[in-house]
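The chain contents come next:
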Amino acid sequence: MNDTALAAALVRPAQQSRIRGSWPSLLISALVVSAAVYSFSPRPAPLFAPTQVYPERLLATGLAQQGSRYVGVGEQGQILYADAAQGPWRSARVDAQRGSSFTRVRFVAEDVAVAVGHDGWIVRSSDRGETWTEVFHGGDGSDPLLGLAGPFAGRLFAFGAFGLYVVSDDLGQTWARRDLVIEDTAAPQTSDAPADPFADPFADPFANFDAAAIGGAGHLNDLTPLADGALLLVGERGLMLRSQDRGETWTRLPEVYAGSFFGALTLPSKTVLAFGMRGHVFRSTDNGLSWTESTVPSTASLFGGTVAGPEQVLLAGAGNTVLRSTDDGVSFAPVTPPGRNGIVELLALPDGGWLTAGDGGLLLKQPQAAATGEAS
């Protein structure tokens with residue numbers, strides 16, 4: 001064996017030994033490369049449990065129903081929807097979420113809903129309340145919109161604090177602010193609002209103020225159509241306005257009550273009710289031209305109402321109050337015991353109960369004898 005062959009024979013085992021000694025590091029490098037490839041490779045997202053929604057924890061201020069779809073709105077720009085009154089409730093998506101509280105929501109067509117709220121904010125949904133788009137905003141610090149009504153003769157109305165008044169003629173896609181043109185053919189009386197309005201935490205805090213002194217019209221709270229085609233608009237300090245031209249101009253009706261009206265409701269019989277502070281309810285059978293006071297066994301302020309059947313009317317308000325009338329609004333009787341939470345709106349359900357919105361959230365309630373004292 002020559003010197004070259006001998007040297008090669010001696011080197012080869014040494015190289016083989018070094019290769020055998022480096023395989024653990026090569027294996028680790030391969031594992032690191034494989035892990036990196038796996039980490040950044042596309043793959044389906046893991047399944048997470050659905051986000052839990054607690055409708056009873058929402059300060060709810062409005063309800064709407066279209067078929068089996070229910071929509072509730074409330075504080076901080078929250079909108080929930082469900083396909084049964086019992087839930088489950090899901091959070092809707094609100095584009096350009098501003099965080100302002102909503103006050104009312106209505107279905108204005110089969111799949112179209114509109115919600116209004118603080119800062120003059122209006123949003124619209126065309127998919128039954130699942131997604132919402134802003135269609136109007138009064139600007140930060142704008143007065144709140146407190147009510148929403150229509151469409152009546154093709155027009156929607158949104159209205160609120162200090163005479164804020166906007167209308168839409170295209171199912172809520174666009175809105176225009178209008179001046180509230182009032183013909184004072186029946187000037188309001190100068191009597192004071194009921195004594196000690198602040199004893200009721202749900203009372204209108206502006207009920208004792210002169211609208212002219214605070215720079216604007218009074219608060220506008222609700223609007224309902226009358227049997228003769230006219231419109232009735234009610235608000236603070238006994239305000240009752242009637243329009244016969246789709247809300248272009250309004251006539252002030254004679255004052256029947258010095259406190260604020262929070263709601264108005266037209267019954268199937270064509271009777272119209274106006275209700276509000278201290279449990280006062282007034283009834284008209286001649287399209288708002290004259291009024292008589294209903295018999296109500298409660299002094300709780302009333303905020304919302306609904307027709308629960310051909311001969312049943314429900315009004316709801318402070319202190320868990322739900323009142324029922326079966327005589328066309330002539331008299332009312334309590335059907336819930338007193339409670340802590342107020343109710344601002346309710347929907348009648350087929351089982352005889354109600355879905356309610358208020359400071360206790362979105363809750364299911366059943367009628368109970370008011371004398372039992374049991375929680376509903």
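Note that the coordinates shown come from a computational prediction; the quantities given were computed from them, not determined experimentally.

Draft legend 1. Quick look at the overall build of the protein chain. Across its full length, the protein chain holds one helix and 29 strands. Split into buried and exposed, the 376 residues of the protein chain put 45% on the buried side. Considering only residue pairs separated by 6 or more positions, the protein chain has 44% of its internal contacts joining residues 24 or more positions apart. About 18,200 Å² of surface is accessible on the protein chain, with carbon and sulfur atoms providing 55% of the total.

Draft legend 2. Structural view of the sheet that holds strand β9 (residues 131-136). With respect to topology, five strands assemble into an open sheet ordered β5-β9-β8-β7-β6, the strand pairing being mixed. Of all the strands in the sheet, just β5 (93-94) and β6 (102-107) have a single pairing partner and so form its edges. With two bridges joining them, β5 and β9 adopt parallel strand pairing. In the sheet register, Arg93 faces β9, and the bridge partner there is Thr131.

Draft legend 3. Looking closely at the layout of surface pockets. Taken as a whole, the second largest pocket encloses approximately 640 Å³ of empty space. If you go around the second largest pocket, you meet 33 residues; those closest to its centre are Arg106, Leu148, Leu265, Gly305 and Glu345. Every element with two or more residues in the lining of the second largest pocket is listed here: β1 (60-66), β6, β10 (145-152), β15 (220-225), β19 (261-266), β23 (302-309) and β27 (343-348). If you tally residues by element for the lining of the second largest pocket, the top one is β10, at six residues. Grouping the amino acids of the lining of the second largest pocket by side-chain chemistry returns 19 nonpolar, ten polar and four charged.

Draft legend 4. Main features of the nonpolar core. Among the nonpolar cores identified, the biggest contains 18 residues, and Leu232, Val234, Met240, Phe261 and Trp291 are the most heavily contacted of them. Going through the elements one at a time, β16 (231-235), β19 and β20 (272-276) are the ones with two or more residues in this core. Here this core takes three residues from β19, the largest share from any one element. With sequence-adjacent residues up to four places away left out, Val234 is seen in contact with Leu220, Asn221, Asp222, Leu239, Met240, Phe261, Gly263 and Ala264. Judged by nonpolar contacts, the second largest core, of 15 residues, contains Ala64, Tyr81, Ala92 and Trp132.

Draft legend 5. Summary view of empty space enclosed by the protein. In the structure shown here, the tally under the stated rule is one cavity of 30 Å³ or more. Space inside the largest cavity adds up to approximately 40 Å³. Those elements that provide at least two residues to the lining of the largest cavity are β28 (354-358) and β29 (361-365). Tallied by class, the residues present in the lining of the largest cavity amount to three nonpolar, seven polar and one charged.

Draft legend 6. Region of interest: the packing of aromatic side chains. Per the stated rule, a full pass over the model turns up seven aromatic pairs. When the ring of Phe261 is compared with that of Phe282, the centres are 5.9 Å apart and the planes differ by 85 degrees; the resulting orientation is edge-to-face. Remark: Phe282 occurs in strand β21 (residues 281-284) and Phe261 occurs in strand β19; sequence separation between them is 21 residues. Here Phe261 and Phe282 have matching classes, each one buried. Members of the aromatic cluster, connected to one another through ring pairs, are Phe157, Tyr165 and Trp250. Over the aromatic face of Tyr54 sits the side chain of Arg57, whose NZ or CZ is 3.9 Å from the ring centroid.

Thresholds, definitions, all that
- Residues numbered from 1 in each chain as written.
- Predicted model: local features only at pLDDT ≥ 70, side-chain atom pairs only at ≥ 80, totals over all residues.
- Heavy atoms only, no water.
- Helix = DSSP H or I, 4+ residues; strand = E, 2+ residues; numbered from the N terminus.
- Buried < 20%, exposed > 50% of the residue type's maximum accessible area, 1.4 Å probe, protein only.
- Contact = heavy atoms within 4.5 Å.
- Areas by Shrake-Rupley, 256 points an atom, 1.4 Å probe, with all protein chains shown as cover.
- Pairing = 2+ DSSP bridges.
- 1 Å grid on protein atoms, 1.4 Å probe; cavity = no way out; pocket = protein on both sides within 12 Å on 5 of 7 lines; lining within 4 Å.
- Points joined across faces, edges and corners; volume = space filled by probe spheres on them.
- Nonpolar A, V, L, I, M, F, W, Y, C, P; charged D, E, K, R; others polar.
- Core = buried A, V, L, I, M, F, W, Y, C linked by side-chain atoms within 4.5 Å.
- Phe/Tyr/Trp six-rings, centres within 6.5 Å; stacked < 30°, edge-to-face > 60°.
- Lys NZ or Arg CZ within 6 Å of the ring centre and 35° of its normal.

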